[in-house]
Amino acid sequence: MADSATSRHPLEDLQKLAKEWDVPVLSDEFARLMDINDPLAGFREKFHYPKMGDLPLVRRVDGQPPVDPSEDGIYLCGNSLGLMPREVRNQLDTQMSQWARFGVFGHRHGFMPWAFCDEWLLQDIPGRRPAEETCVMNSLTVNLHLCLTAFYQPAGARTKILLESQAFPSDHYAVESQIRQRGLDPAAEMICLKPRDGEHCLRTEDILQTIQSRGQEIALVFFSGVHYYTGQLFDIAAITEVARASGCCVGWDLAHAVGNVPLRLHDWDVDFAAWCTYKYLNCGAGCIAGAFVHRRHLGEGSRERLPRLEGWWATALRLDETAGQFRVTNPSMIQAACVRASLDVFKLAGMQQIRRKSLLLTAYLEHLLKHRVPSCSVISPRDPQARGAQLSLLLACPVERVLPQLEARGVACDERKPNVIRVAPAPLYNSFGDVLRFVKVLADG
Amino acid sequence: DSATSRHPLEDLQKLAKEWDVPVLSDEFARLMDINDPLAGFREKFHYPKMGDLPLVRRVDGQPPVDPSEDGIYLCGNSLGLMPREVRNQLDTQMSQWARFGVFGHRHGFMPWAFCDEWLLQDMSDLVGALPEETCVMNSLTVNLHLCLTAFYQPAGARTKVLLESQAFPSDHYAVESQIRQRGLDPAAEMICLKPRDGEHCLRTEDILQTIQSRGQEIALVFFSGVHYYTGQLFDIAAITEVSRASGCLVGWDLAHAVGNVPLRLHDWDVDFAAWCTYKYLNCGAGCIAGAFVHRRHLGGGSRERLPRLEGWWGHRIETRFDMTNQMEPDETAGQFRVTNPSMIQAACVRASLDVFKLAGMQQIRRKSLLLTAYLEHLLKHRVPSCSVISPRDPQARGAQLSLLLACPVERVLSELEARGVACDERKPNVIRVAPAPLYNSFGDVLRFVKVLADVMPTDLN
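Residues numbered from 1 in each chain as written. Chains lettered and ligands numbered in written order. Predicted model: local features only at pLDDT ≥ 70, side-chain atom pairs only at ≥ 80, totals over all residues. Heavy atoms only, no water.

**Quick look at the overall build of chain A**
- Helix and strand counts for chain A come out as 15 helices and 15 strands.
- Taking 2.2 N^0.38 as the reference for a compact globule, 445 residues should give roughly 22 Å; the C-alpha atoms of chain A span a radius of gyration of 23 Å, in line with that estimate.
- Taken over the C-alpha atoms alone, chain A extends approximately 65 × 60 × 40 Å along its principal axes.
- The buried share of chain A, reckoned over its 445 residues, is 64%.
- Sequence-distant contacts, at least 24 apart, represent 69% of the contacts inside chain A between residues at least 6 apart.
- About 16,100 Å² of surface is accessible on chain A, with carbon and sulfur atoms providing 51% of the total.
- Positive and negative side-chain charges in chain A, numbering 49 and 52 respectively, have mean positions lying 1 Å apart. (Helix = DSSP H or I, 4+ residues; strand = E, 2+ residues; numbered from the N terminus. Rg over C-alpha atoms; globule rule 2.2 N^0.38 Å. Buried < 20%, exposed > 50% of the residue type's maximum accessible area, 1.4 Å probe, protein only. Contact = heavy atoms within 4.5 Å. Areas by Shrake-Rupley, 256 points an atom, 1.4 Å probe, with all protein chains shown as cover. Lys, Arg positive; Asp, Glu negative; His and termini not counted. Charge placed at Lys NZ, Arg CZ, Asp CG, Glu CD.)

This is the structure:
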């Protein structure tokens, strides 16, 4: 977890600024000044940020003034469905125009010719050797299956898969079905690691200890990079290192990590990874996904070492010594248009700046909640380096009692029954003002 | 599936006689277009103009190109043209994304969590399936893998897969890799059926005879519905029947069949099928695909009988978001889904299906038979040096004709493209030409044949 410039808690940074400005951290003025001084403040305008008048569940609440439809909503759900970059419309128009004018010639003419539209996206995926190790293809779960087919190779005593006990359902079902495919019993072969009693997050030392003590039985360690439920950011580098030292393959579901926290898959020696693009990457519901395969698995003899479900796109256009050999099908040009628009925003902002703001935003959220909504507790890790943008809040009451109230007041957040809500200030388009408004509304409800 | 066994050329000749014009005349094409019940559908698409097509240029000795003239787009078998309505559907989805954010999953038009299901009725009508047997998901090759994982179950002596020797490459690679997955040898387990010497198409009797004689070794018969190279429309009903009688499972790649010819997958007892949507379905390059699984495979115990690569979207909707990690499969073909669908792709499919609903496959096929017979007739008389390798029987082909040129295709393709033709090349000397009934006219076909006649080298033996 060496990606922080400092080990100082971001709350200290907030308090330092508050002192400089001579305003309390908990004040409205502080939020206003943070937003004025936010280097990423201009990025909100690059997105369609839903207004009160747009949000389908907003209504006038008894005893409250009328809703101002032109007021910004309180959208803190970018961990689930990222907002639309305005540039998407232009990119879509370009592709529609090319389809209309060129027909089949669009495969090889114009901007992002369709036969190559996935490859046009590779260079902007962060990483040292993106074009070699990265694919833009399919969907997350499909990519997981392509990777698991190649990398889950139970043999001898080494047959098990280690994952979180509360892994995202799609990951759990994918792993289960892959195990059954090989004629093995998921109940026997899945090591579903639970947190300690009374805890919500997994302790890194417990993960590492499990790998070290049971490593010879484990064929594959497969974790999410950021856990969907708790928001825990796992120590990808350390877990990968220990897993590999124990002879295990290591794969990561980065659905909640990509675009949220900086990643160094190549340097961390990760074997494979996959992610969707409609969360922090803001590419739209169900958009084309991504995958990573480390370079050491590519090249000479890879087809023999890594069983693959194959299709023509691995070989159609060029000799494939890259991760592109994992592709099976021609990519969708309209989905590529959405990804292009989104990556252009990320290029401008840069993950370092995004993470820097994220640490401040989420620490600010945590601090406000502690003081203004003391009845709710944060089940996400307290260590800012062990989480991304998201905080998962355990409410003191069932979520159905507050969610409609929150939504009526323009809040977009995520519920996990019975009494957890997930709140994720997204640095590209959320402000300190959004976070403050949210906490006030939550305190009210 | 034909209302008549009369050759469509006879219909053309009958009309020509009524109108007192030769079939080969310009006037005949003009009158056919005036009387075409589907003529109004061209306007529902963006039909590329000469000024739009990237390879159009002025040709020596020819008048200047009129940029506002329609091109000669006969490549809808490869990449279907864009329905104008796609833009409106996309605007709707963009607007909902912009205004609702995450609430778009459950609010507005085609809420994203259900956008694939909004397409099932109309998609299933196109393939003759029940909505519960149909999925809109993934891509063709991914769907083939999901189906092959479930339906290719080699056991005992029954281990082989029967397919065409010149199957579409993605299908061939998919089958190969699935066989290797099971620790078997593709060279031993793939029966790749070749045409007879000197022939291009497979004879139905040879296919049936192979299945009947080798059926006990064959786990799966897996064919394309319409062959990509020859344009042959296989007898899906007969092949399926004989396969099933021999104890084989039967699956179909319908990439070139869907939206091209009428299909009755449920009645024909097909086990599974999959198709892409960017060819005759006009949904855009790489758009979301389709799949079919017969109802008899669904219901109680299907999860045990059909090994599946699973994901959360195959979980029944009532409890899918409870995140219990206890799989409860959907009871329909939806159990084969793994992932949430793409709302922008669903928008494209919605726009396209709306056009098909208006036109209807019966009308489309009726015009297609006339258009393709007309193309064949013109070629025979105007470009006698080229031969048609597609089946002569109109009931054994769709819209496409594959033409064997008397010279390498490079010698004519750039000339064709310079003159606004969009067709497909299959080196060394085949071109594929597919008049699409929804947006092509008899005039397009005539213009194509004139251009081809013009550009064919005169120094041919």
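**Some remarks on the overall build of chain B**
- When helices and strands are tallied, chain B shows 15 helices and 15 strands.
- A compact globule built from 461 residues should have a C-alpha radius of gyration of about 23 Å, and chain B, at 23 Å, falls within 12% of that.
- Taken over the C-alpha atoms alone, chain B extends approximately 70 × 60 × 40 Å along its principal axes.
- Out of the 461 residues in chain B, the part that is buried amounts to 63%.
- Put simply, 70% of the contacts in chain B that link residues at least 6 apart link residues at least 24 apart.
- When the accessible surface of chain B is totalled, it reaches about 16,600 Å², and 49% of it is carbon and sulfur.
- Measuring between centres, the 48 positive side-chain charges of chain B sit 1 Å from its 57 negative side-chain charges.

**Here's the deal with the pairing of strand β8 (residues 249-253) of chain B**
Residues and elements named next belong to chain B.
- Burial within β8 is extensive, with four of its five residues counted as buried.
- Across five bridges, the pairing between strand β7 (residues 218-224) and β8 is parallel. Pairing of S224 across the sheet is with D253, part of β8.
- The parallel pair β7 and β8 is bridged by helix α9 (residues 236-245), and the resulting crossover is right-handed. (Pairing = 2+ DSSP bridges. Right-handed = clockwise from strand over helix to strand, strands pointing away.)

**A look at the domain arrangement of chain A**
Residue and element names in this part refer to chain A.
- Assigned domains of chain A: these are domain 1 (10-72 + 351-444) and domain 2 (89-346).
- Computed over C-alpha atoms, the centres of domain 1 and domain 2 are 30 Å apart.
- Among the residues domain 1 hides against domain 2, the three largest losses belong to M351, I379 and Q390. Together they make up 28% of the total.
- Along the contact surface separating domain 1 from domain 2 lie six residue pairs in polar contact (both at pLDDT 80 or more).
- Put simply, the parts of the chain that give the side of domain 1 that touches domain 2 at least two residues each are β1 (47-48), α13 (351-372), β12 (391-394) and β15 (420-423).
- When residues in the side of domain 1 that touches domain 2 are grouped by element, the largest group, five residues, is from α13.
- For the side of domain 1 that touches domain 2, the per-class residue count stands at 13 nonpolar, eight polar and five charged. (Domains from an automatic or database assignment. Buried area = accessible area lost by both parts, 1.4 Å probe. Polar contact = N/O pair within 3.5 Å; in protein donor to acceptor, adjacent residues only side chain to side chain. Nonpolar A, V, L, I, M, F, W, Y, C, P; charged D, E, K, R; others polar.)

**A closer look at the packing of aromatic side chains**
- Within the structure shown, the criterion is met by 30 aromatic pairs over all chains.
- Where F222 of chain A meets F272 of chain A, the ring centres are 6.3 Å apart and the plane angle is 25°; that geometry is what we call stacked. You can see F222 of chain A sitting in strand β7 (residues 218-224) and its partner F272 of chain A sitting in strand β9 (residues 272-275), a full 50 residues away along the chain. Both residues of the pair, F222 of chain A and F272 of chain A, count as buried.
- Among the aromatic residues, those joined into a cluster by ring pairs are F168, Y228 and Y229 of chain A together with W312, W313 and F321 of chain B.
- In this arrangement the basic side chain of R308 of chain B is found over the ring face of F336 of chain B, its NZ or CZ atom lying 5.0 Å from the centre. (Phe/Tyr/Trp six-rings, centres within 6.5 Å; stacked < 30°, edge-to-face > 60°. Lys NZ or Arg CZ within 6 Å of the ring centre and 35° of its normal.)

**Digging into the UniProt feature "modified residue: N6-(pyridoxal phosphate)lysine" (unreviewed entry) in chain A**
All names here are of chain A.
- In the numbering used here, UniProt assigns the "modified residue: N6-(pyridoxal phosphate)lysine" (unreviewed entry) feature to K279.
- You can see K279 is positioned in the loop between β9 and β10 (290-293).
- For K279, a relative accessible area of 10% corresponds to the buried category.
- The residues contacting K279, other than those within four sequence positions of it, are G78, N79, S80, G82, A255 and H256. (UniProt positions renumbered as here; feature names shortened; annotations may be inferred.)

**Describing the UniProt feature "binding site: pyridoxal 5'-phosphate" (unreviewed entry) in chain A**
Residues and elements named next belong to chain A.
- UniProt feature "binding site: pyridoxal 5'-phosphate" (unreviewed entry): in the numbering of this structure it lies at L140, T141, F168, P169, S170, D171, S224, D253, H256, Y278, W312 and N330. Across 191 residues of sequence, these annotated residues are also dispersed in space, with a maximum C-alpha separation of 30.6 Å.
- Of note, D253 is situated in strand β8 (residues 249-253).
- The buried category is assigned to D253, whose relative accessible area is 4%.
- Its place among the elements puts H256 in the loop between β8 and β9.
- If near-sequence neighbours (up to four positions away) are discounted, H256 is found in contact with N79, V226, Y228, K279, Y280, Q390 and R422.

**Quick notes on the nonpolar core**
- One finds L369 and F438 of chain A together with L379 and F448 of chain B to be the most contacted residues of the largest nonpolar core, which totals 312 residues.
- F168, Y173 and Y229 of chain A together with W313 of chain B belong to the second-largest nonpolar core, a separate cluster that totals eleven residues. (Core = buried A, V, L, I, M, F, W, Y, C linked by side-chain atoms within 4.5 Å.)

**Focus on the pairing of β12 of chain A**
- The pairing of strand β11 (residues 377-378) of chain A with β12 of chain A spans two bridges and is classified as antiparallel. For V378 of chain A, the partnering residue across the bridge sits in β12 of chain A and is L393 of chain A.

**Quick word on the sheet that holds strand β4 (residues 134-136) of chain A**
All names here are of chain A.
- One open sheet accounts for seven strands, arranged β4-β10-β9-β8-β7-β5-β6; its pairing is mixed. The strands lining the two open edges of the sheet, one partner per strand, are β4 and β6 (190-193). For this sheet the average axis-to-axis angle between neighbouring strands, irrespective of direction, equals 15°.
- As judged from the three bridges shared by β4 and β10, these two strands associate in the antiparallel manner. (Axes fitted to C-alpha atoms, helices over the stretch in contact; angles between N-to-C directions.)

**Considerations on the interface of chain B and chain A**
- Listed per partner, the contact involves 79 residues of chain B and 79 residues of chain A.
- Summing both sides of the interface, chain B and chain A together bury roughly 6,100 Å²; the carbon and sulfur share of this comes to 65%.
- Area buried by chain B at its contact with chain A is led by W97, F103 and N325 of chain B, which between them contribute 13% of it.
- There are four salt bridges connecting chain B and chain A.
- Two residues, E310 of chain B and R180 of chain A, come together in a salt bridge whose shortest N-O distance is 3.1 Å.
- Here chain B is connected to chain A by 21 residue pairs in polar contact (both at pLDDT 80 or more). (Salt bridge = Lys/Arg side-chain N within 4 Å of Asp/Glu carboxyl O.)

**Notes on unusual backbone geometry**
- That bond from K417 of chain A to P418 of chain A is cis: its omega, 5°, falls within 30 degrees of zero.
- Secondary-structure assignment places P418 of chain A in the loop between β14 (414-416) and β15.
- Here the amide bond leading from K427 of chain B into P428 of chain B is cis, since omega sits at 5°, within 30 degrees of zero.
- Tracing the backbone shows P428 of chain B in the loop between β14 (424-426) and β15 (430-433).
- Look at M110 of chain B: it is not a glycine, yet its phi comes out positive at around 50°.
- By secondary structure assignment, the location of M110 of chain B is in the loop between α3 (85-100) and α4 (120-127).
- We classify M110 of chain B as buried; its relative accessible area is 0%.

**Focus: the side chain of K357 of chain A**
Residue and element names in this part refer to chain A.
- Looking at the element boundaries, K357 is found in helix α13.
- Owing to a relative accessible area of 7%, K357 belongs among the buried residues under this scheme.
- At a separation of 2.5 Å, a polar atom in the side chain of K357 contacts the side chain of D38.
- There is a polar contact of 2.9 Å between the side chain of K357 and the backbone oxygen of P427.

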